[in-house]
Amino acid sequence: MQAISEQKASAPIRLVDYRAPAWQVESVELDFDLGIDASELSARLLLRRDPGQDAPLRLDGENLQLLSIALDGTQLPATAYRYAGNVLEVDGARDGSVLETRVRLRPAANTALEGLYLSGPRETGFLLTQCEAEGFRHITFFPDRPDVQSRYTVTLRADRARFPVLLAGGNPDGAGELEGGRHWARFVDPHPKPSYLFALVAGHLEVIERDYVTADGRPVQLKIWAEADAIGRCHYAMDALERSMRWDEQAYGRNYDLDVFHVVATHDFNMGAMENKGLNIFNAKCLLADPDSTTDDEYRHVEAVVAHEYFHNWSGNRVTCRDWFQLSLKEGLTVFREQSFSADMNSASLKRIEDVALLRRAQFPEDAGPLAHPVRPAQYSEINNFYTATVYEKGSELVRMLAGALGQEGFRRGMDRYFDRNDGHAATLEDFLAALGEANDTDLTPYLAWYGQAGTPRLKARGHHDATRREYTLTLIQHPSGTAGTGARAPLPIPVKLALFARNGDMLPLHMDGQTSVCHELVVVLDQHERSFVFTGIADAPVASLLRGFSAPVILECDYMPDELALLLAHDVDGFNRWEAGQQLAARAYEELRDGSPGDSLHAWCDALQQLFGGTAVDDALLADLLTPPGEVELAERETAIDPQRIHDLRQDLQRRLAERLGADALRQRYNALAGHTSIALDASSQARRRLKRRVLELLNLLDNRGACELAAIQYRDAPGMTDRLAALALMVHGRAAQAEAALLDFRQRYAGNALALDKWFAVQAQLPGESALDRVLALEADPAFTLKNPNRVQALLGSFVRSNPSGFHRTDGAGYRLLAERLVALDALNPQVAARLATAFNGWQRLEPLRRASAREAIAGLEQHAGLSRNLAEIIGSVLGGH
Ligand code: B3K
Ligand code: ZN
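Residues numbered from 1 in each chain as written. Chains lettered and ligands numbered in written order. Predicted model: local features only at pLDDT ≥ 70, side-chain atom pairs only at ≥ 80, totals over all residues. Heavy atoms only, no water.

Novice: Run through the site of ligand 1, naming residues and quoting values.
Specialist: For ligand 1, the set of nearby residues contains 14 residues, the closest of which are Glu132, Glu275, Glu309, Asn384 and Tyr392. For ligand 1, a nitrogen atom lies 2.8 Å from a polar atom in the side chain of Glu275. His312 is positioned with one of its side-chain polar atoms (N or O) 3.2 Å from an oxygen atom of ligand 1. Coverage of ligand 1 by the protein amounts to 95% of the 340 Å² it exposes when considered alone. Where the shell around ligand 1 is concerned, the elements lending two or more residues are strand E20 (273–274), helix H2 (296–311) and helix H3 (327–345). Of the residues in the shell around ligand 1, the class split is five nonpolar, four polar and five charged. (Near = heavy atom within 4 Å. Polar contact = N/O pair within 3.5 Å; in protein donor to acceptor, adjacent residues only side chain to side chain. Areas by Shrake-Rupley, 256 points an atom, 1.4 Å probe, with all protein chains shown as cover. Helix = DSSP H or I, 4+ residues; strand = E, 2+ residues; numbered from the N terminus. Nonpolar A, V, L, I, M, F, W, Y, C, P; charged D, E, K, R; others polar.)

Novice: How would you sum up the pattern of salt bridges? Please name residues and give values.
Specialist: Inspection of every chain in the model, using the stated rule, returns 85 salt bridges. Here Asp595 and Arg594 are joined by a salt bridge, their closest N and O atoms 3.0 Å apart. Between Asp643 and Arg852 there is a salt bridge, with the nearest N and O atoms lying 3.2 Å from each other. Here Arg852 lies in helix H25 (residues 850–865) and Asp643 lies in the loop between helix H12 (632–636) and helix H13 (644–662), a separation of 209 residues in the sequence. Residue Asp643 is classed as partly exposed on the basis of its relative accessible area of 23%. On the basis of relative accessible area, Arg852 is assigned to the buried category, the value being 3%. Salt bridges sharing common partners tie together Asp297, Arg300, Lys351, Glu354, Asp355, Asp625 and Arg691. (Salt bridge = Lys/Arg side-chain N within 4 Å of Asp/Glu carboxyl O. Buried < 20%, exposed > 50% of the residue type's maximum accessible area, 1.4 Å probe, protein only.)

Novice: Could you give me a rundown of empty space enclosed by the protein, with the residues and numbers involved?
Specialist: The final tally for this structure, using the stated rule, is four cavities of 30 Å³ or more. If you add up the space inside the largest cavity, you get close to 80 Å³. Around the largest cavity, the lining comprises 13 residues; the ones closest to its centre are Asp296, Ile680, Arg690, Gly721 and Thr723. Broken down by secondary-structure element, the contributors of at least two residues to the lining of the largest cavity are H2 and helix H17 (722–734). With three residues, H17 is the largest single contributor of residues to the lining of the largest cavity. (1 Å grid on protein atoms, 1.4 Å probe; cavity = no way out; pocket = protein on both sides within 12 Å on 5 of 7 lines; lining within 4 Å. Points joined across faces, edges and corners; volume = space filled by probe spheres on them.)

Written as structure tokens, this is what we have:
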């Protein structure tokens, strides 16, 4: 029986409606007969009924072709069950019943890449699954919710020649031959798990292996699988995996818990990677790495994602989420763990800068517009729309605040308590805060308010120095954001790490509230609307360095004088705050230019950077970041009527003025000195040199376009690796160099067989600033290598255009908006998740200047009228359009 296709229910799911499941599945046996066009699957569920509930047995199932159904060994007549509205209701089930169903799936026709699908061409590709959040219901009938945890036994059967490799999560439990050239393999997972962590992979794959022994003595086989042309690019990921496993043992005392850990790379994946128990599946772009096709930033990203998915084995798998509203319980926590790992493996302050820059670029705008939602949303229509920067990145910032409040040892004690108490359970954010708090005899419930309130709070800081009393009073005031919602707005606990600097750049000892112990940095917690903190023994007016290390995810408003920011930029020993002072100064310099009155901030910024550029106070990587003003998206956040082209031009002007101050000769000299070191080594100082080299050449380009492009052409030709090659290519393309087309052609030919490198070729062109980008995008869509079916390619071309090229996308004639709307319709029919994510590029349209606002509105409203949008896209479009 085929489910009658129905309009998806649009009533939102609400946190307040949560009820414990009436039925659990104690164990499940899945038996697959795999094929590309059709796969069949028998499922045998041992059911447990909650004695306190008498609801009938209801199982989720979407677009499943039901072939047979039996209860306790008896085939059911059509009158004994009903399959409608994506729910299968079965009569007569009782505690201990066994339900057996058989369904047929169509993997090759599955373009949504959710459930069981095909990666690659029909003839040579392989089968794989993606179940989080609700993909398992596309595979079989099941109570597809994370608080149902079951033991899985999975048997795979398939033609050996077509599917030589058969993998599923858990430990291997036998394999063998069958008649007709077929074979089988069985896997048993001893750890009960929710259905979203189920996975299988079948097809032609190569493997690299490594033996690992956990700190508690378990031998584990680590196996990374990829197609033949990619397996040589998996070694870096293997090293990263081993580093991650050791780190989790040392930092959190967490050991791996199966005999084998599989990782598989695919080019067809809706997001970065997936932490399926014992069988992680990765988007190739987050796993494959080699110097010829991977940039330094991407290497660090691969390391971080490998770690992230591995860390989920405890924060997500062993302790999972009760319901999807608790998503940040695993995602925010795992991002925090991943960020801490990356900080330990690389430069901690650069990592912090990178993370905060991402938060501001991706999360702050989300939190400031119609898509704003709390880290724990109160309702959703489509859960896949809530894998957001808020749940992930802001969620991580909340864990960071808790970790800061408890200190390193206290946090570890709390995490031990959390893992031990909730092991094998589906937990809530309350469980998390309770474990952390109880292990430290402290009440962390005030922090729950952070999880329930949308919007970025503003923190106002005012300093007052009283020379006669030798006192410095710091007053902090918090304001909820406009998107915080109408619910309770209790003051949030805001930890503010601070230090005071004397005018000569020395840090001052801090005496507060008559305390005798002296320190140079401390954390005060603003837990009321307003509070003042008095520091004594301060002879001269100091400069306060606030929110050091970005100690809370807020927007700090402090009326520094330009010379005060310049002092912090020159002297702060907190690498993050030094960078932050530069960013603030640059943003003010930008505003001076915008208002037609270049003044003190511009001069102070250029002066301070000239000093740092000529000295040795900061390393090359930090210098590169200091020489980079806030991006166009961040600058737009400061505007009320956004004109992206004008923002682009002003930012260029700002950088040109900095370049002028540094001087073309000094830039050229520095470039030549840096260019002398050509290596593909990944150590910190080699990466730092490449980063600074790129930045210096970009600045030089603003003074001497022709000269910089000539240097870029040489750099492109001689580049030993992708970092230098791509930087040179981007400079030539965006600088409209005479050499650009030849370089693009060369790149295209060189990487014809390398999909990830080809994505960069699309992306670099889609980011061409200005109105001509759209024609370029249209031309590239006609390229035979472009397809809407591959999420990475869509992201490379359309994603880069609408997200990373504001001056190109936001054309005054609205053509960018119309293009996006049209492509969303086409994409939605293939892959609703990818369409919905791309549609968030419309976020913020209400704050555009009137002309663009009108055309954006028209495009979005037209889209909303379109019949048959997926629930995913409809929810985003509906929210973005809001009440306007
Ligand atoms: N947990 C997955 C994301 C699943 C997304 C579902 N649409 C990757 C991660 O955060 O590790
Ligand atoms: Zn995750």
